[in-house]
Amino acid sequence: MASAYDREDGLAPPQPHGGGPADAYDPNYVPDSVKTFVVHLYRHIRDKNVYEINQMYEGGFQRLSDRLFRDSPWPSAEAVAPYCDGDHVFLLLYRELWYRHAYARLSPLTASHRSESWNNYCDLFAVVLHGVVNMQLPNQWLWDMVDEFVYQFQSFCQYRAKLKNKTEDELQQLKQFDKAWNVYGVLNYLQALVEKSMIAQILEREKEGLEQFTATDGYDYHGGSNVLKVLGYYSMIGLLRIHCLLGDYHTGLKCLAPINLNQQGVYTIVIGSHISTIYHYGFANLMMRRYVDATKEFNKILLYILKYKQYHQKSPQYDQILKKNEQMYALLAISLSLCPQNRLIDENVSTQLKEKYNDKMTKMQRFDDEAYAAYDELFSYACPKFITPSPPVLDQPLTNYNQDAYRLQLKLFLYEVKQQQLLSGIRSYLKLYSAITITKLAQYMEMDEATLRSILLTYKHKMHAVDSNGKIVSSADFDFYINEDVIHAVESKSAKRHGDYFLRQILKFEETIAELEKVQLD
């Protein structure tokens, strides 16, 4: 079903303004199609018509951007103000779209543009936090708002850390706009949205049947607004992402704690939100040696993408979905190489993983120079783009330090890999023997008994982690204990899932019966 905007826009011919170079851009020129877009979007927002808003946001805005503003900005907010009664909140939303389009299509962006976008977010979030916002917006737009806010912060940190080739004018702009995208400001806004929305309390009451937040997808069907609550919800995911970029994985997971990932939630409604949540959650767990949690969540989201990615081929986020998909396969390869948990992996995901990384996973089991190179390569490809949040010292000589945070995290990760260098060999032998003396195992591994005991203790330590509740849990797929210099291995057995077995057999019988019914007897 086409929206009202789609029907009217379909009759409007392309305007000659679009597609030209950015230097020919006139911020005060508003094509007829844009006037129509603004008028209808403003009306639908006032009417709280979420369906029509979403149609215009996901469809109309993208089509106009492709037709008229492929490499030039949209008209300025001041130019379109007459077509929305100069509404302050609507113009803040319009500017949010304006800067997002500029970040996606225009390059390079100046520090001035970045600062202006920061100021617009500050004004928009201030209205949400301190004003009375009486509108309903689609979850996709609200997620994109938080996602773009974090992305622009990350982009600014990377931009200001590349000092080597900056002109004197660019350096002066950095000094002039030194308050923009301050890490404390970014964290404070997201945390304020979480607290003001009382989303943690809402999700807690929902467990007791006193709220319907997830059941209604976060929308308010009693004439209220969903904006603050849903922004607060998505801000928890934004905080997880920022803390991962800063290397503070414990705090990031703590911020996400109110969301139960074992159940369907508002985060699963928007594909970008779903993937971002699990990617950062899995990466944080991987870095904290919670390999089981990381493996489980990577497996679930990769299976989901495998089944449903064809339905998102026309989505503007499709390329990003595919990129995150590949990165999570690389992270899953790392997790399984450090802590084999093949019983947790779906057969379809396992097949894809072997096609992509079987050779590298074989190398990583050896823990030699080639293994380190494989770990280095996969980590560098799949990790987030870490940031240094502190502003640069603008003294001569100017250097680039945008890679410093990444190098530090890579160093810490490879140090962890090095500590586990001989654990793979220990595991291989203990999987073969149910009982073996320390003396014999030391001979097999060509080391003295004292060193072997130290490695066995290291294995115990590295295969255990502290979960989110502070409880020490094992990540290994088997355990062992030592009694009178004899190592006894105890392999954990996965619980048999009788229900799945019977369902598979029922389906097979149904297929057989269907085939038999097609057979015509003479």
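To be clear, the structure that these remarks concern was listed above.
Attention in this report is confined to the structure presented alongside it. Remember, it's a predicted structure, so these values are computed and weren't measured experimentally.

Things to note about the overall build of the chain
Inference 1: For the chain, the helix and strand inventory stands at 22 helices and 5 strands.
Inference 2: Judged by the C-alpha coordinates and their principal axes, the chain covers about 90 × 85 × 50 Å.
Inference 3: Of the contacts made within the chain by residues no fewer than 6 positions apart, 73% connect residues no fewer than 24 positions apart.
Inference 4: About 26600 Å² of surface is accessible on the chain, with carbon and sulfur atoms providing 51% of the total.
Inference 5: In the chain, 56 side chains carry a positive charge and 63 a negative one; their mean positions are 3 Å apart.

Thoughts on the environment of Q352
Inference 1: Following the sequence through the fold, Q352 ends up in helix α16 (residues 347-364).
Inference 2: Spatially, the C-alpha atoms of Q352 and P138 are 34 Å apart, while their sequence positions differ by 214 residues.
Inference 3: Once residues within four sequence positions are removed from consideration, Q352 is found in contact with L306 and Y329.

Observations regarding the packing of aromatic side chains
In this description, an aromatic ring pair is defined by two values, namely the gap between the centres and the angle between the planes.
Inference 1: For the coordinates displayed, the defined rule picks out 29 aromatic pairs.
Inference 2: Both rings, one in F37 and one in F61, keep their centres 6.2 Å apart while their planes meet at 40 degrees; by these two values the pair is tilted. You can see F37 sitting in helix α2 (residues 32-46) and its partner F61 sitting in helix α3 (residues 50-68), a full 24 residues away along the chain. The pair formed by F37 and F61 is uniform in burial state, with each residue classed as buried.
Inference 3: With a centroid separation of 5.4 Å and an interplanar angle of 70 degrees, the aromatic rings of Y42 and F90 are classed as edge-to-face. Here Y42, found in helix α2, pairs with F90, found in helix α5 (residues 88-105); they are 48 residues apart in sequence, far enough to count as distant.

Examining the pattern of salt bridges
Inference 1: Per the counting criterion, the structure on display carries 14 salt bridges.
Inference 2: The partner of R100 in a salt bridge is D144, and the shortest N-O contact between them spans 3.8 Å. Here R100 is found in helix α5, whereas its partner D144 is found in helix α7 (residues 139-161), with 44 residues between them in sequence. Pair check on accessibility: R100 and D144 agree, each one buried.
Inference 3: Notably, a salt bridge pairs E297 with K300, separated by 3.2 Å at the nearest N-O pair. Of this pair, E297 and K300 both sit in helix α14 (residues 291-308), 3 residues apart, which is roughly one turn of that helix.
Inference 4: For E297, a relative accessible area of 8% translates into the label buried.
Inference 5: Overlapping salt bridges, with partners in common, bring together E96, R100 and D144 in one network.

A closer look at the packing of α3 against α7
Inference 1: With their axes 9 Å apart at the nearest point, α3 and α7 run at an angle of 50 degrees to one another. Taken together, α3 and α7 sit at an angle that is classed as oblique. Of α7, the residues touching α3 (which contributes I53, N54, Y57 and E58) are Q140, W141 and D144.
Inference 2: Looking at side-chain class alone, the contact of α3 with α7 contains 3 nonpolar, 2 polar and 2 charged residues.

Overview of the state of the cysteines
Inference 1: Under the definition given, this model contains 0 disulfides.
Inference 2: A disulfide-free cysteine, C157 has its sulfur positioned 14 Å from the sulfur of C122, the nearest such atom.
Inference 3: Its relative accessible area of 3% is what places C157 among the buried residues.

Focus: the nonpolar core
General note: in soluble globular proteins, nonpolar side chains tend to be found buried as a group.
Inference 1: Ranked by internal contacts, the top residues of the largest apolar core, which has 161 residues, are L137, W141, M145, W181, Y233 and Y234.
Inference 2: Each residue touching M145, except ones within four places of it in the same chain, is listed here: L93, E96, R100, Y121, L124, F125, L137 and L231.

Here's the deal with unusual backbone geometry
Inference 1: The residue K48 is not glycine, and still its phi comes out positive at about 60 degrees.
Inference 2: Topologically, K48 is positioned in the loop between α2 and α3.
Inference 3: One non-glycine residue, M198, lies in the positive phi region at around 55 degrees.
Inference 4: Classification of M198 as partly exposed rests on a relative accessible area of 43%.

Regarding the packing of helix α6 (residues 111-130) against helix α9 (residues 183-197)
Inference 1: Where α6 meets α9, the closest approach of the two axes is 11 Å, and the angle between their N-to-C directions is 20 degrees. One way to sum up the angle between α6 and α9 is to call them roughly parallel. Viewed along their axes, α6 and α9 form a crossing whose handedness is left-handed. Between α6 and α9, the residues in contact are W118, C122, F125, V128 and L129 and G185, V186, Y189, A192, L193 and K196, respectively.

Quick word on the side chain of N402
Inference 1: Structurally, N402 can be placed in the loop between α17 (369-382) and α18 (404-419).
Inference 2: Since its relative accessible area comes to 13%, N402 is described here as buried.
Inference 3: With residues up to four places along the chain from it excluded, the contact list for N402 reads Q158, A161, K162 and F386.

What about the layout of surface pockets?
Inference 1: By volume, the largest pocket amounts to about 1600 Å³.
Inference 2: Only α3, α5, α7, α11 (227-246), α13 (271-287), α15 (318-338) and α17 provide two or more residues apiece to the lining of the largest pocket.
Inference 3: A total of 9 residues in the lining of the largest pocket trace back to one element, the largest contributor, which is α7.
Inference 4: Class assignment for the residues of the lining of the largest pocket results in 19 nonpolar, 16 polar and 12 charged.

Notes on α3
Since there are 3.6 residues in each turn of an α-helix, residues three or four apart along the chain are aligned in direction.
Inference 1: Here α3 is 19 residues long and its end C-alpha atoms lie 25 Å apart, about the 27 Å a rise of 1.5 Å per residue gives.
Inference 2: At M56, α3 is deflected by roughly 35 degrees, the largest bend along its length.
Inference 3: For α3, the set of buried residues is V50, E52, I53, N54, M56, Y57, G59, G60, F61, L64, S65 and L68.

What counts as what
Residues numbered from 1 in each chain as written. Predicted model: local features only at pLDDT ≥ 70, side-chain atom pairs only at ≥ 80, totals over all residues. Heavy atoms only, no water. Helix = DSSP H or I, 4+ residues; strand = E, 2+ residues; numbered from the N terminus. Contact = heavy atoms within 4.5 Å. Areas by Shrake-Rupley, 256 points an atom, 1.4 Å probe, with all protein chains shown as cover. Lys, Arg positive; Asp, Glu negative; His and termini not counted. Charge placed at Lys NZ, Arg CZ, Asp CG, Glu CD. Phe/Tyr/Trp six-rings, centres within 6.5 Å; stacked < 30°, edge-to-face > 60°. Buried < 20%, exposed > 50% of the residue type's maximum accessible area, 1.4 Å probe, protein only. Salt bridge = Lys/Arg side-chain N within 4 Å of Asp/Glu carboxyl O. Axes fitted to C-alpha atoms, helices over the stretch in contact; angles between N-to-C directions. Parallel < 35°, antiparallel > 145°, perpendicular 65-115°, else oblique. Nonpolar A, V, L, I, M, F, W, Y, C, P; charged D, E, K, R; others polar. Disulfide = S-S within 2.5 Å. Core = buried A, V, L, I, M, F, W, Y, C linked by side-chain atoms within 4.5 Å. Left-handed = near helix turned anticlockwise from the far one by under 90°. 1 Å grid on protein atoms, 1.4 Å probe; cavity = no way out; pocket = protein on both sides within 12 Å on 5 of 7 lines; lining within 4 Å. Points joined across faces, edges and corners; volume = space filled by probe spheres on them. Expected span 1.5 Å × (residues − 1). Bend = angle between axes of the 7 residues up to and from the residue.

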